[in-house]
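Structural description and commentary
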2 protein chains.
Amino acid sequence: MAQNLPQPTEAEMEILQVLWVQGPTSVRTVHEALSDRREVGYTTTLKLMQIMADKGLLRRDTTQRVHIYEAVVSEADTQHQFLSRFVDTIFRGSASQLVMQALGNHQASPTELEKIKDLIERLERDSQGPTK
Amino acid sequence: MAQNLPQPTEAEMEILQVLWVQGPTSVRTVHEALSDRREVGYTTTLKLMQIMADKGLLRRDTTQRVHIYEAVVSEADTQHQFLSRFVDTIFRGSASQLVMQALGNHQASPTELEKIKDLIERLERDSQGPTK
DNA sequence: AAGTATATACGAATCCTTTCGTAAATGCAA
DNA sequence: TTGCATTTACGAAAGGATTCGTATATACTT
């Protein structure tokens, strides 16, 4: 069933971001969202989305004149995919080192910090309890 | 003084990893470390390191026949550079979301979890105190 | 029907990274 | 000195991502 989709490239990530927020939509909508962030030609966006459809990253409905594209991969799965790779290549596999850096360098609101603390406590409790 | 060095590529990161561990050393040493991980030609490693020196990522001493290369950028700075970019492009700027995923998906030892909790508590205390 | 606007299709140019073949320089050993 | 091993220098090929020009199709308006 679900099989190996390629890792999205950087430009492809931009498009996925839009689709995750907007849901299934046309090239024009995606293109306009991208244009807010940087200069880019319409056919560039189109081509990219066609390539992504070929790769299996997007699914498209071509029954209407205006094709509707939809992300096949979920945001969470994609983040997970990138994260593993990132931890390995940049932090030599040490997730906790990454976490320390991320917390140190970036702002996190008190609420978010609380949530993270809760998560840690849950992890600690689980690691004491039966693993099986 | 220190100015904008380019973001290292993936292959360049592998070389930097070796140099961060070994300290300043020859192409041969780096090449042998890389060879442990994957098949790669000597001149490939050489060329890459020459390019990196051109870009300013490495510094080299050419007074001896065997040139000695040294990383200009520190591991921590490089991690920070990648992390900002990564949080933006993959996690839409939410560092805490990244932290949650990293903690959830990867193993962290009890000791590491403790360290992270300490850091959070320190951050919480600081955010109450005077920012200035 | 003709003209206009908007859509998709296709191919190619460009740019960057990665790889490596080949040549030239250097040092060492016989 | 001659030959061998090791090193650096250089150029270019190969592969992939990105961009966009141009052609073609489709719908709508007048």
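Refer to the preceding data block for the structure.
Overview of the structure. Keep in mind the model is a prediction, meaning the values are calculated, not measured. (Residues numbered from 1 in each chain as written. Chains lettered and ligands numbered in written order. Predicted model: local features only at pLDDT ≥ 70, side-chain atom pairs only at ≥ 80, totals over all residues. Heavy atoms only, no water.)

Points about the protein's contact with DNA strand C
Put simply, the rule is: One heavy atom suffices: a residue is near a molecule or strand as soon as one of its heavy atoms comes within 4 Å of it. Counted as a polar contact is a pair of N or O atoms within 3.5 Å, where, for protein atoms, one must be capable of donating a hydrogen and the other of accepting one, and residues adjacent in sequence contribute only when both atoms are in side chains. A run of H or I in DSSP counts as a helix once it spans at least four residues, and a run of E counts as a strand once it spans at least two, with each numbered from the N terminus.
Around DNA strand C lies a shell of 21 residues, among which Arg28(A), Tyr42(A), Gln50(A), Thr9(B) and Arg65(B) are the nearest. Those atoms of DNA strand C that come within 4 Å of the protein belong to sugar or phosphate at a rate of 65%. Contacts to DNA strand C include Arg65(A), whose side-chain N or O atom sits 3.1 Å from a base oxygen. Measuring from a phosphate oxygen of DNA strand C, one finds a backbone N or O atom of Ala11(B) at 3.2 Å. Elements that contribute at least two residues to the surface near DNA strand C include exactly α2 (27–37) and α3 (42–55) of chain A together with α1 (10–22) and α3 (42–55) of chain B. At five residues, the largest contribution of residues to the surface near DNA strand C is made by α3(A).

Some thoughts on the interface of chain A and chain B
Interface size is often expressed as the accessible area that is lost when the parts come together. Let me state the cut-off plainly: Residue contacts are counted whenever heavy atoms from the two residues lie within 4.5 Å of one another. The quantity reported as buried area is the accessible area (1.4 Å probe) lost by two parts once they are put together, taken as the sum for both. We count a salt bridge whenever a side-chain nitrogen from Lys or Arg sits within 4 Å of a carboxyl oxygen from Asp or Glu.
Opposite the 42 residues of chain A that make contact, chain B presents 43 residues. Looking at the side of chain A facing chain B, the largest losses of area belong to Gln79(A), Ile90(A) and Arg92(A), adding up to 14% of the total buried there. Applying the counting criterion to the chain A and chain B interface returns eight salt bridges. Residue Glu10(B) pairs with Arg85(A) through a salt bridge whose shortest N-O separation is 2.9 Å. Across the chain A-chain B interface, the total number found is 16 residue pairs in polar contact (both at pLDDT 80 or more). For the side of chain A that touches chain B, the elements supplying multiple residues, two or more each, are α1 (10–22), α4 (75–91), α5 (95–105) and α6 (110–128) of chain A. It is α4(A) that contributes the most residues to the side of chain A that touches chain B, 13 residues altogether.

As for the packing of α1(B) against helix α2 (residues 27–37) of chain B
Residue and element names in this part refer to chain B. Condition: Axis definition: a line fitted to C-alpha atoms, limited for helices to the stretch in contact. Angles are taken between N-to-C directions and run from 0 to 180 degrees. Left-handed is the label given to a crossing in which the near helix is rotated counterclockwise from the far helix by less than a right angle, and right-handed is the label when the rotation is clockwise. Residue polarity follows a fixed list, in which Ala, Val, Leu, Ile, Met, Phe, Trp, Tyr, Cys and Pro are nonpolar, Asp, Glu, Lys and Arg are charged, and the others, Gly among them, are polar.
Packing of α1 against α2 brings their axes to within 10 Å, and their N-to-C directions diverge by 120 degrees. Helix-helix and strand crossings are classified by hand; for α1 and α2 the assignment is right-handed. In contact with Glu14, Ile15, Val18, Leu19 and Gln22 of α1, α2 contributes Thr29, Val30, Ala33, Leu34 and Arg37. Taken together, the residues that form the contact of α1 with α2 break down as six nonpolar, two polar and two charged.

Digging into the pairing of strand β3 (residues 68–71) of chain B
The side chains of a regular strand alternate, first on one face of the sheet and then on the other. All names here are of chain B. In plain terms, the rule: Burial classes follow relative accessibility: with a 1.4 Å probe on protein chains only, a residue under 20% of its type's maximum area counts as buried, one over 50% as exposed, and anything between as partly exposed. Any two strands between which DSSP finds at least two bridges are classified as paired.
Across the two faces of β3 the burial differs, with Tyr69 and Ala71 buried and Ile68 and Glu70 not buried at all. Here strand β1 (residues 25–26) pairs with β3 via two bridges, running antiparallel. Across the sheet, residue Ser26 finds its bridge partner in β3, namely Ile68. Bridging between strand β2 (residues 58–61) and β3 involves four bridges; their strand directions are antiparallel. For Asp61, the partnering residue across the bridge sits in β3 and is Ile68. Between β2 and the antiparallel strand that follows it, β3, lie six residues.

Observations regarding the sheet that holds β1(B)
All names here are of chain B. If you walk across this open sheet you meet the three strands as β1-β3-β2, and the pairing is antiparallel. Across the chains shown, the open sheet's two edge strands, defined by having one partner strand only, are β1 and β2. In the packing of α1 onto the sheet, the strands contacted are β1, β2 and β3, and the crossing angle to β3 comes to about 95 degrees.

Here's the deal with the environment of Glu12(A)
Residue and element names in this part refer to chain A. Position of Glu12 relative to the elements: it lies in helix α1. Since its relative accessible area comes to 1%, Glu12 is described here as buried. In this structure the C-alpha to C-alpha distance between Glu12 and Ile51, which are 39 residues apart in sequence, comes to 9.4 Å. Setting aside residues no more than four positions away along its own chain, Glu12 makes contact with Gln7, Leu48, Ile51, Met52, Lys55 and Leu57. At 2.7 Å, the side chain of Glu12 and the side chain of Lys55 are in polar contact.

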